[in-house]
Amino acid sequence: MKTFFTRILSTALCLILAFAVIQPAFAEGTDDSVDYDAPYIAFLQQTNPDGVTNEEEIEAAKQRAFDAFDGIILGPTNDGWSHISPIFTGGDCVETARFWYQYQCLPGNTKIGLITIRPDLYGPFNVSGTPIQQISIDADCRTHISSVIVDDCTSLTTLYFMNQEYCTEVSALNCPSLVAIRLTNCGLRKISVKKRGFSQPLTLLSFGSGTVGMHNRRNDLDTNETIVLATPAEGENFIGWYEDGSLVSTDSEYRRTGGGKLYACFAGDADGNGQINTVDATLIMRAALGYTSVNNFSMMDVDADGNIAVADALAVLRVSLGL
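Within each chain, residue numbers correspond to sequence positions counted from 1 in written order. Per-residue local features of the predicted model are confined to residues with pLDDT of at least 70, and side-chain atom pairs are confined, for both listing and counting, to 80 or more; whole-chain, interface and lining totals are unaffected and use all residues. Heavy atoms from the whole structure form the basis of all side-chain values; hydrogens and water molecules are not counted.

As for its placement among the helices and strands, V316 is situated in helix α6 (residues 310-321). Relative accessibility decides the category of a residue: with a 1.4 Å probe and only protein chains considered, values under 20% of the type maximum give buried, values over 50% give exposed, and everything between is partly exposed. Of the residues examined, V316 reaches a relative accessible area of 0% and is grouped as buried. Residues V316 and V302, 14 residues apart in the sequence, show an inter-C-alpha distance of 7.7 Å. In contact with V316, other than residues within four places in its own chain, are F207, G268, I276, N277, D280, A281, I284 and V302. Starting at the N terminus, helices and strands are each numbered in turn, a helix being any DSSP run of H or I of at least four residues and a strand any DSSP run of E of at least two. Contacts are assigned to residue pairs with any non-hydrogen atoms lying within 4.5 Å of each other.

As structure tokens, then:
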């Protein structure tokens, strides 16, 4: 019996050793390729409130152009104008993401010229971890894109996204090749960027009824400067930029060097003394609990949700303590 168990154990050990030897060979043969097109396909399948996908909206926009202009050429033209393919261009890996595209009428057409097609696209645009190099949008393009997330895009050099009122967040963390940024005139309440030359991310947060923006110039690269923007809602005021619990600037357009976390404060100064501190947090807390009257609603409604709550007081406390 002992011999039998010894043989069984020996056989098991041999099988384990054999698997250990051949397993790396199987691993080397495994297909580890990444499907970089998957995020773009997912974006095209997102729907608007009527159930129309982004891909269907693109086709509808093309049809509208056909209806308005006869003889649109769908391929590259011979006079230097390059055709911009829908949404993104590139080979197997997307290189450039655009949210508009242009066609040119055939020679001899009565309406010769460039035709710009701007479909209204919906939802988040998240292409993190892809080899994308550029993102841009036409100045007159209006979409319902809610966020642009391009974290870990190590080849990304250009991030231009402007005039998009429904876009509330942009994140471009770990983008060591990123040098050109223009994030302006959007509904942005949060921006996080870690571009070339930054040792830590630069994060902008809107505090109250207003939005944040950011842009730089190529000649700012050597100094690691970025222009940050604060835009109050109509009828509201900008208090200033806060960092680590302290006011660093009252300029709505502020030149910032390097990273860090900045709050663009349009609210929070509950006592109206020009500062945001624990006294303001206490006043907002008392108002939220009904212990005192509300004298300046918009200044206490720091998350701009139409209510004064404990969360508003806690948010002010975090800013005042630099958390």
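With that settled, consider the pairing of strand β17 (residues 246-249). Any two strands are treated as partners once DSSP identifies two or more bridges connecting them. One ladder, built from three bridges, connects strand β16 (residues 240-243) with β17; its direction is antiparallel. Looking at β17, one finds that E243 is bridged to S246. Hairpin remark: β16 followed by β17, antiparallel, with two residues in the connecting loop; positive phi at D244, about 55°.

To characterise two packed helices, one gives the angle between the axes of the helices and the distance between these axes. Lines fitted to C-alpha atoms define the axes here, with helix axes fitted over just the stretch in contact, and angles between the N-to-C directions of these axes take values from 0 to 180 degrees. Their axes nearest at 5 Å, the elements helix α2 (residues 38-45) and helix α3 (residues 54-68) cross at an angle of 70°. Relative to α3, α2 is oriented roughly perpendicular. On α3, the residues that touch F43, L44 and Q45 of α2 are N54, E55 and I58. Looking at the contact of α2 with α3 residue by residue, the classes come out as three nonpolar, two polar and one charged. Roughly parallel means an angle under 35 degrees; roughly antiparallel means over 145; roughly perpendicular covers 65 to 115; every other angle is labelled oblique. Under the convention adopted here, Pro, Cys and the residues Ala, Val, Leu, Ile, Met, Phe, Trp and Tyr are nonpolar, Asp, Glu, Lys and Arg are charged, and Gly plus all remaining residues are polar.

The next point concerns the nonpolar core. Proteins that are soluble and globular tend to have nonpolar side chains buried together. If you look at the biggest cluster of nonpolar residues, it comprises 50 residues, and the most contacted ones within it are F125, I135, V148 and W241. With near-sequence residues (within four places) excluded, I135 lies in contact with A97, F99, F125, V148, V150, L156, T158, L159 and Y160. Nine residue types can take part in a nonpolar core, namely buried Ala, Val, Leu, Ile, Met, Phe, Trp, Tyr and Cys, and a core is a set of them joined through side-chain atoms within 4.5 Å. The next biggest cluster of nonpolar side chains, apart from the first, holds 20 residues, and it includes C265, I276, A281 and V319.

To continue, consider the side chain of D280. Within the secondary structure layout, D280 lies in helix α4 (residues 278-288). Counting rule applied: Lys, Arg positive; Asp, Glu negative; His and chain ends not counted. Salt-bridge detection follows one rule: a side-chain nitrogen of Lys or Arg within 4 Å of a carboxyl oxygen of Asp or Glu. No salt bridge is formed by the buried D280; its nearest oppositely charged neighbour, R286, is found at 12 Å. A polar atom in the side chain of D280 sits 2.9 Å from the backbone nitrogen of A270. Pairs of N or O atoms are called polar contacts if they sit within 3.5 Å, as long as, within protein, a hydrogen donor faces a hydrogen acceptor (for residues adjacent in sequence, only side-chain-to-side-chain pairs). A distance of 2.9 Å separates a polar side-chain atom of D280 from the backbone nitrogen of N277. Each residue touching D280, except ones within four places of it in the same chain, is listed here: G268, D269, A270, D271, Q275 and V316.

For the rest of this paragraph, the subject is the sheet that holds strand β8 (residues 144-149). Consider a sheet: its strands pair through backbone hydrogen bonds, and that pairing is either parallel or antiparallel. The strand order across the open sheet built from eight strands is β6-β8-β10-β12-β13-β19-β16-β17, with neighbouring strands paired in mixed fashion. Every interior strand has two partners, whereas the edge strands, β6 (122-126) and β17, have only one. Ignoring which end each strand starts from, the neighbouring axes of this sheet average 20° apart. In this structure, β6 lies alongside β8, joined through five bridges in parallel fashion. Considered in β8, the bridge of Y122 is made with H144. The sheet contacts of α6 involve β13 (202-207), β16 and β19 (260-265), and relative to β13 the element is tilted by about 140°.

Turning our eyes to something else, we now look at α2. If you check which residues of α2 are buried, you get Y40, F43 and L44. The buried side chains of α2 occupy one side of the element, clustering within an arc of 100° when seen end-on. Note that the arc is computed from the directions linking the helix axis to the C-beta atoms.

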